[in-house]
Amino acid sequence: MRLEGKRAFVTAAGAGIGLATARAFAAEGAEVIATDIDPAALAPLAQTGMTTRGLDVTDPEQVAAAAAEAGAVDILFNCAGFVHHGTIMDCDRSAWDFSVALNVTGPYTVTRALLPAMLAAGGGSIINVASVASSLIAAPNRFVYGVTKAAVIGMTKSIAADYVTQGIRCNAICPGTVDSPSLADRLRATGDEAAARAAFAARQPMGRLGRPDEIAALAVYLASAESAFVTGQAIAIDGGWTNV
């Protein structure tokens, strides 16, 4: 197993990409610390024997306590995030502050809390979930989401550059549209879920949505020794969306 003997810390592990990744890490032999703002969502993972805990990544005290409890980890998967719908004119200051706090300050806080122990232990792999809607491409009605995910890519590259000689690798996964519970919520909110789903699928040249397990498979690669020469990359996994 590719991650045997490794310890992984996963945020937003209660659903979607985070859940699929926590399960994939465990299947590859890793000891997983699965966190989520909704502790109840972690029950299926806890039932498998996985370590779980509630965590609001926007709360520095909670993050500090979780980091102290976790100790040194080999893998950090920063998945917590929020997709705001709208243009700059639809994004008032409270919406801006919330998206920045969760999508940018969250992974900053978690990484800064866990990095010292990773360095002391000799290194590790940090994987941030960004998006193709970022500095890669623009998507309509994804103003603050695109801004914050572009910041995640910048954060990723800066961490990679600063710690490349100290055993730390840092990469960003940039998904296209992935079929997840949060997407389902957004589709229902449009009032015509079927039409919205078809429109989202059509954005990917493959003509379908991505699956959480497909993103998790890339995360396993980036967490493993197989990607030992990969750092500072923003890797699109989007059904060809950014290739046309």
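Scope of this entry: the structure provided in the associated data block. All figures in this text were calculated on a predicted structure; none of them were measured in a lab. (Residues numbered from 1 in each chain as written. Predicted model: local features only at pLDDT ≥ 70, side-chain atom pairs only at ≥ 80, totals over all residues. Heavy atoms only, no water.)

## A few points about the packing of helix α3 (residues 60–70) against helix α4 (residues 93–120)
Two elements in contact, α3 and α4, have axes separated by 9 Å at closest approach and are oriented at 35°. As α3 runs across α4, the sense of the crossing is right-handed. Taking contact as the criterion, the partners of P60, V63, A67 and A70 in α3 are, on α4, T109, V110, A113 and L114. (Axes fitted to C-alpha atoms, helices over the stretch in contact; angles between N-to-C directions. Helix = DSSP H or I, 4+ residues; strand = E, 2+ residues; numbered from the N terminus. Left-handed = near helix turned anticlockwise from the far one by under 90°. Contact = heavy atoms within 4.5 Å.)

## Observations regarding helix α7 (residues 193–203)
The complete set of buried residues in α7 reads A196, F200 and A201. Buried residues of α7 fall within an arc of 135° about the axis and therefore sit on the same side. Set apart from the buried face of α7 by more than 90 degrees, the exposed residues are A194 and A202. Turning to α7, the residues buried within the fold contact α6 (181–189). (Buried < 20%, exposed > 50% of the residue type's maximum accessible area, 1.4 Å probe, protein only. Arc of directions from axis to C-beta.)

## With respect to the packing of α4 against helix α5 (residues 143–163)
For the pair α4 and α5, the least separation of the axes is 9 Å and the interaxial angle reads 15°. As the angle between them shows, α4 and α5 are arranged roughly parallel. Like other packed secondary-structure pairs, α4 and α5 cross with a definite hand, here right-handed. Facing W96, S99, V100, N103, V104, P107, Y108, T111, L115 and L119 of α4, the residues of α5 in contact are F143, V144, Y145, V147, T148, K149, A151, V152, M155, I159 and Y163. Considered class by class, the residues forming the contact of α4 with α5 number 16 nonpolar, four polar and one charged. (Parallel < 35°, antiparallel > 145°, perpendicular 65-115°, else oblique. Nonpolar A, V, L, I, M, F, W, Y, C, P; charged D, E, K, R; others polar.)

## Observations concerning the sheet that holds strand β6 (residues 168–175)
Spatial ordering of the open sheet is given by β3-β2-β1-β4-β5-β6-β7, a layout of seven strands whose pairing is parallel. Each edge of the sheet is formed by a strand with only one pairing partner; in this case those strands are β3 (51–54) and β7 (234–237). Adjacent strand axes in the sheet meet at a mean angle of 15°, parallel and antiparallel pairs treated alike. Of the pairings in the sheet, the one linking strand β2 (residues 31–36) to β3 comprises four bridges and is parallel in character. In the strand pairing of β3, T35 is matched with R53. (Pairing = 2+ DSSP bridges.)

## Some words on the nonpolar core
In this structure, F9, F25, V32 and F77 are the most contacted members of the largest nonpolar core, which totals 55 residues. In this structure, V132, A133, Y145 and V152 belong to the second largest nonpolar core, which totals 11 residues. (Core = buried A, V, L, I, M, F, W, Y, C linked by side-chain atoms within 4.5 Å.)

## Some points on the environment of H84
Inspection of the secondary structure puts H84 in the loop between β4 (75–78) and α4. Considered as a pair, H84 and A194 are 110 residues apart in the sequence and their alpha carbons are 20 Å apart. Excluding residues that lie within four positions of it along the chain, H84 makes contacts with D90, C91, A95, S99, N141, R142, V144 and Y145.

## Focus: the side chain of S180
Checked against the element boundaries, S180 lands in the loop between β6 and α6. A polar contact of 3.1 Å, which involves the side chain of S180, links it to the side chain of S182. (Polar contact = N/O pair within 3.5 Å; in protein donor to acceptor, adjacent residues only side chain to side chain.)

## Observations regarding the pairing of β4
Burial along β4 is two-sided: the residues I75 and F77 and L76 and N78 are all buried. One ladder, built from three bridges, connects strand β1 (residues 7–10) with β4; its direction is parallel. Across the sheet, V10 pairs through a bridge with F77, a residue of β4. Bridge count for β4 against strand β5 (residues 124–129) is four bridges, and the pairing is parallel. Of the residues in β5, the one forming a bridge with L76 is I126. With α4 bridging β4 and its parallel neighbour β5, the resulting β-α-β unit is right-handed. (Right-handed = clockwise from strand over helix to strand, strands pointing away.)

So far we have only geometry, and geometry alone does not tell us how the molecule works.
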